[in-house]
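Spelled out from the first residue to the last, the chains are:
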Amino acid sequence: MSALKIALAGASGRMGRMLIETVLATPSVQLVGVYERANSALIGQDAGAFLGQRTGVSVSNEMHAVLAAADCLIDFTRPEGTLAHLQAASEHGVKLVIGTTGFTPAQRAEIEAAASRVPIVLAPNMSVGVNVTFKLLELAARLLASDYDIEIIEAHHRHKVDAPSGTALKMGEIVAQAVGRDLAEVAVYGREGVTGERKPSTIGFATVRGGDIVGDHTVLFAGAGERIEITHKSASRVSYAQGALRAAHFLADKPNGLFDMQDVLGLR
Ligand SMILES: NC(=O)C1=CN([C@@H]2O[C@H](COP(=O)(O)OP(=O)(O)OC[C@H]3O[C@@H](n4cnc5c(N)ncnc54)[C@H](O)[C@@H]3O)[C@@H](O)[C@H]2O)C=CC1
Ligand SMILES: O=C(O)C1=N[C@H](C(=O)O)C[C@H](O)C1
């Protein structure tokens, strides 16, 4: 079987670098294109230069050239970048794995519309561990129901620009749905001053930013006389990169449609 041809966006980013390293170490995939923004010092350099490796693939700011030989584009950038890349990928019939977070509902609708033309995996967290944690949360929330207060706490590195994390928001959606609430109505994003007592149906979010924390998420179910904490901690970005490659393989035989990592991992 021939290797899956992968193009990457966001070459200089934390995830971009981890993806380049992971693709180069994975025999079932081949790096065929690497994109970075025009103002980047990396343009024209070999994509493996930061690893001391020669790949023969130069970093380019011409998305159409980057996509020309690709089966799948993996994008971990920023919402505005992802939407531009989505447009180019759908023109080329290139499948998409999107790890970027922080989309507005309107931006998400654009991704959904594009999925009628090309298949897309869109997931705020590609790690197997987080996706299994989602299942644990669903079960815990359903069993504990309204007797326990639900709070979601996430911590990330100092460079992260969106809050709460995409993963924390997804966890909120999962637990809200499991207890029959609409997250948009019950979410409380941070507290300050004289807030009054906690309303029982709310789901609170707390965000920590500091240092090089890769990504920690805890969902706290606090009841009378006890509490349950379900926590996932990432120690390396490699699990996200490996998940993204699993997602790319999953898309290989899909003509179109919007999927997430629960689909990829068979966790539905
Ligand atoms: N789904 C998942 O498993 C994970 C998702 N993420 C998400 O991936 C995204 C990137 O994270 P990091 O690599 O840590 O960020 P980063 O800041 O290290 O890298 C961002 C990359 O995107 C590029 N970029 C920024 N704006 C752009 C634009 N308008 N057009 C094109 N390219 C643009 C930058 O040049 C850079 O290469 C974030 O949204 C983050 O939340 C991060 C880790 C795991
Ligand atoms: O920006 C990050 O680093 C991460 N972003 C994702 C998110 O917003 O959930 C996934 C992971 O937590 C790392």
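Keep in mind the model is a prediction, meaning the values are calculated, not measured.

Reading the values: rules and limits
- Residues numbered from 1 in each chain as written.
- Chains lettered and ligands numbered in written order.
- Predicted model: local features only at pLDDT ≥ 70, side-chain atom pairs only at ≥ 80, totals over all residues.
- Near = placed C-beta within 6 Å.
- Helix = DSSP H or I, 4+ residues; strand = E, 2+ residues; numbered from the N terminus.
- Pairing = 2+ DSSP bridges.
- Axes fitted to C-alpha atoms, helices over the stretch in contact; angles between N-to-C directions.
- Contact = placed C-beta atoms within 7 Å.
- Domains from an automatic or database assignment.
- Nonpolar A, V, L, I, M, F, W, Y, C, P; charged D, E, K, R; others polar.
- Parallel < 35°, antiparallel > 145°, perpendicular 65-115°, else oblique.
- Left-handed = near helix turned anticlockwise from the far one by under 90°.
- UniProt positions renumbered as here; feature names shortened; annotations may be inferred.
- Buried ≥ 20, exposed ≤ 12 C-beta atoms within 10 Å, placed from the backbone.

Caption draft 1: Molecular detail of the site of ligand 1. Close to ligand 1 lie 24 residues; Gly 10, Gly 13, Met 15, Gly 81 and Gly 99 are nearest. Where the shell around ligand 1 is concerned, the elements lending two or more residues are helix H1 (14-24) and helix H3 (79-92). Looking at which element gives the most residues to the shell around ligand 1, the answer is H1, with 3 residues.

Caption draft 2: Molecular detail of the sheet that holds strand E11 (residues 227-234). Across the sheet, which stays open at both edges, the 5 strands sit in the order E8-E9-E7-E10-E11 with mixed pairing between neighbours. A single partner strand is all that each edge strand has here, and the edge strands are strand E8 (187-189) and E11. Neighbour to neighbour, the strand axes of the sheet diverge by 15° on average, direction disregarded. Bridging between E8 and strand E9 (residues 203-209) involves 3 bridges; their strand directions are parallel. Counterpart to Ala 187 in the pairing with E9 is Ile 203. Contacts between helix H5 (residues 128-144) and the sheet are confined to strand E7 (149-156), strand E10 (215-222) and E11, with E11 contributing the most and set at about 170° to the helix.

Caption draft 3: Quick peek at the domain arrangement of the protein chain. Examined at the domain level, the protein chain breaks down into domain 1 (4-122 + 237-264) and domain 2 (128-234). With 7 residues of domain 1 at the contact, the number on the domain 2 side is 8 residues. Among the elements of the structure, helix H8 (238-251) and helix H9 (261-264) are those that each provide at least two residues to the side of domain 1 that touches domain 2. Split into classes, the residues belonging to the side of domain 1 that touches domain 2 amount to 1 nonpolar, 5 polar and 1 charged.

Caption draft 4: Focus on the environment of Glu 154. Topologically, Glu 154 is positioned in strand E7. Put simply, Glu 154 and Arg 209 are 55 residues apart on the chain and 8.6 Å apart in space, counted from C-alpha to C-alpha.

Caption draft 5: The arrangement of the packing of H3 against helix H4 (residues 105-114) in detail. At a minimum axis distance of 11 Å, the contact between H3 and H4 shows a crossing angle of 15°. With respect to H4, the element H3 is oriented roughly parallel. Where H3 crosses over H4, the two elements pack in a sense that is left-handed. Residue-level contacts link Pro 79, Leu 83, Leu 86 and Ser 90 of H3 to Gln 107, Glu 110, Ile 111 and Ala 114 of H4.

Caption draft 6: Summary view of the sheet that holds strand E2 (residues 29-35). Spatially, E3-E2-E1-E4-E5-E6-E12 is the arrangement adopted by the 7 strands of the open sheet, whose pairing is parallel. Two strands bound the open sheet, and with one partner strand each, they are strand E3 (59-60) and strand E12 (257-259). As paired strands, strand E1 (residues 4-9) and E2 are joined by 6 bridges and run parallel to one another. Bridged to Ala 7 within E2 is Gly 33. Here H3 sits on the sheet and contacts E1, strand E4 (72-75) and strand E5 (95-98); the angle it forms with E4, its principal contact strand, is near 175°.

Caption draft 7: How the structure looks around the site of ligand 2. Neighbouring residues of ligand 2: Thr 101, Pro 124, Asn 125, His 156, Lys 160, Ser 165, Gly 166, Thr 167 and Gly 215. Split into classes, the residues belonging to the shell around ligand 2 amount to 1 nonpolar, 7 polar and 1 charged.

Caption draft 8: Just the UniProt feature "binding site: (S)-2,3,4,5-tetrahydrodipicolinate" (unreviewed entry) in the protein chain, in detail. Feature annotation in UniProt assigns "binding site: (S)-2,3,4,5-tetrahydrodipicolinate" (unreviewed entry) to the following positions: His 157, Gly 166 and Thr 167. In this structure, Gly 166 sits in helix H6 (residues 166-178). With 19 C-beta atoms counted inside 10 Å, the residue Gly 166 sits in the partly exposed group. For Gly 166, the contacting residues outside a window of four places in its chain are Thr 101, Gly 102, Pro 124 and Asn 125. Tracing the chain through its elements places Thr 167 in helix H6. Excluding its chain neighbours within four sequence positions, the residues that come into contact with Thr 167 are Pro 124, Asn 125, Val 130, Glu 154 and His 217.

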